[in-house]
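Coordinates in review
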Amino acid sequence: MKQLARISGIAYLMIFLAGFYANFAVLESLIDSSNSIITTKNFINNHSQFRNGLLGFIVMLLFDVVLIWSLFGLTKSISKNISYLASFFRLLHALLFGVALFKLWKIYELTFNASNTSGLQNRVSELLLNFDILWTVGLLFFGIHLIILGYLAIKSTDIPKVLGILLILAAIGYIIDGIAKLCMPNYSDYKAIFEVIVIMPSVIGEFSFTAWLLFKGFKRRKSKKFVTVL
């Protein structure tokens, strides 16, 4: 339990760090949603930065796979079948995100050593859209995973029930944002609102769970005191 909590906490922390760097510090800074030519130029002129972002996403994916194993180990004593179900939906998310990363890799190949945007911007825009759709669908599966994980946390005698509630709230945020992104033609008009809906509960819920895992995993056991009776 202690070792699995430690591994899970470290994996979650790495996902936070790698994900925020790759998505917000790199990818979001290169994309101009209103101008595909500027976006393509950014990929061409900042190729090394884009490569580092791709590496960040790969690190994020690898630690996500680690969590599939470690979280199952942590929760299987609560309900093995439900833990399998939680792992299944996280695996679906990881697989879709892995496929989505191939779209970014294709952009990396297309813009490598490219001197101008001629004939590239339409293809880059198409690949970015495919990446976004695949990741969004993956995050819907991830939301379902969090609902199940939250349920397991509530049922657990070891995990604080409040963490289960926070994970379920985070899941609702992912699902609302994902459905809106896939179904609303004017999603971009409300993007800032939906980002708050998904980011706030996910950061609070998942980071709180990460903090608990790290505390549980690195907490020192109390040494037994022996009292000598004279």
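Refer to the structure above for everything that follows.
**Focus: the overall build of the protein**
In terms of regular secondary structure, the protein is built from seven helices and zero strands. Tracing the protein from N to C terminus, the helices and strands come up as α-α-α-α-α-α-α. A principal-axis box enclosing the C-alpha atoms of the protein has dimensions of 90 × 35 × 30 Å. Relative to its 230 residues, the protein shows a buried fraction of 41%. Across the protein, the fraction of contacts at a sequence separation of at least 24, relative to all contacts at a separation of at least 6, is 78%. For the protein, the separation between the mean place of its 21 positive charges and that of its 11 negative charges on side chains is 20 Å.

**Considerations on the nonpolar core**
One finds Tyr12, Phe50, Phe57, Leu104, Phe131, Leu146 and Phe209 to be the most contacted residues of the largest nonpolar core, which totals 49 residues. Residues in contact with leucine 104, not counting those within four places in the same chain, are Leu27, Phe50, Leu54, Phe57, Leu128 and Phe131.

**Some remarks on the packing of aromatic side chains**
Enumeration over the complete set of coordinates arrives at 20 aromatic pairs. Between tyrosine 187 and phenylalanine 194, the aromatic rings sit 5.4 Å apart at their centres with planes inclined by 20 degrees, giving stacked as the arrangement. For the pair tyrosine 187 and phenylalanine 194, a shared accessibility class is recorded, and that class is buried.

**Examining the pattern of salt bridges**
Applying the stated criterion across every chain, the model contains three salt bridges. One salt bridge connects aspartate 64 with arginine 90, and the closest N-O pair in it is separated by 2.6 Å. Of this pair, aspartate 64 sits in helix 3 (residues 47-75) while arginine 90 sits in helix 4 (residues 80-111), and the two are 26 residues apart along the sequence. Judged by relative accessible area, which is 4%, aspartate 64 ranks as buried. Owing to a relative accessible area of 1%, arginine 90 belongs among the buried residues under this scheme. Lysine 181 is the partner of aspartate 132 in a salt bridge, and the nearest nitrogen-oxygen pair spans 3.7 Å.

**Topic: the environment of aspartate 64**
Along the backbone, aspartate 64 and proline 160 are 96 residues apart, and their C-alpha atoms lie at a distance of 22 Å. If near-sequence neighbours (up to four positions away) are discounted, aspartate 64 is found in contact with Ile15, Arg90, His93 and Ala94. Among the polar contacts listed, one links the side chain of aspartate 64 to the side chain of arginine 90, at a separation of 2.6 Å.

**Examining the environment of asparagine 52**
Tracing the backbone through its elements, the reader meets asparagine 52 in helix 3. The class of asparagine 52 is partly exposed, set by a relative accessible area of 30%. A C-alpha to C-alpha distance of 8.0 Å links asparagine 52 and valine 26, two positions 26 residues apart in sequence.

Cut-off values and rules
- Residues numbered from 1 in each chain as written.
- Predicted model: local features only at pLDDT ≥ 70, side-chain atom pairs only at ≥ 80, totals over all residues.
- Heavy atoms only, no water.
- Helix = DSSP H or I, 4+ residues; strand = E, 2+ residues; numbered from the N terminus.
- Buried < 20%, exposed > 50% of the residue type's maximum accessible area, 1.4 Å probe, protein only.
- Contact = heavy atoms within 4.5 Å.
- Lys, Arg positive; Asp, Glu negative; His and termini not counted.
- Charge placed at Lys NZ, Arg CZ, Asp CG, Glu CD.
- Core = buried A, V, L, I, M, F, W, Y, C linked by side-chain atoms within 4.5 Å.
- Phe/Tyr/Trp six-rings, centres within 6.5 Å; stacked < 30°, edge-to-face > 60°.
- Salt bridge = Lys/Arg side-chain N within 4 Å of Asp/Glu carboxyl O.
- Polar contact = N/O pair within 3.5 Å; in protein donor to acceptor, adjacent residues only side chain to side chain.

What is shown is where atoms sit, not what they do.
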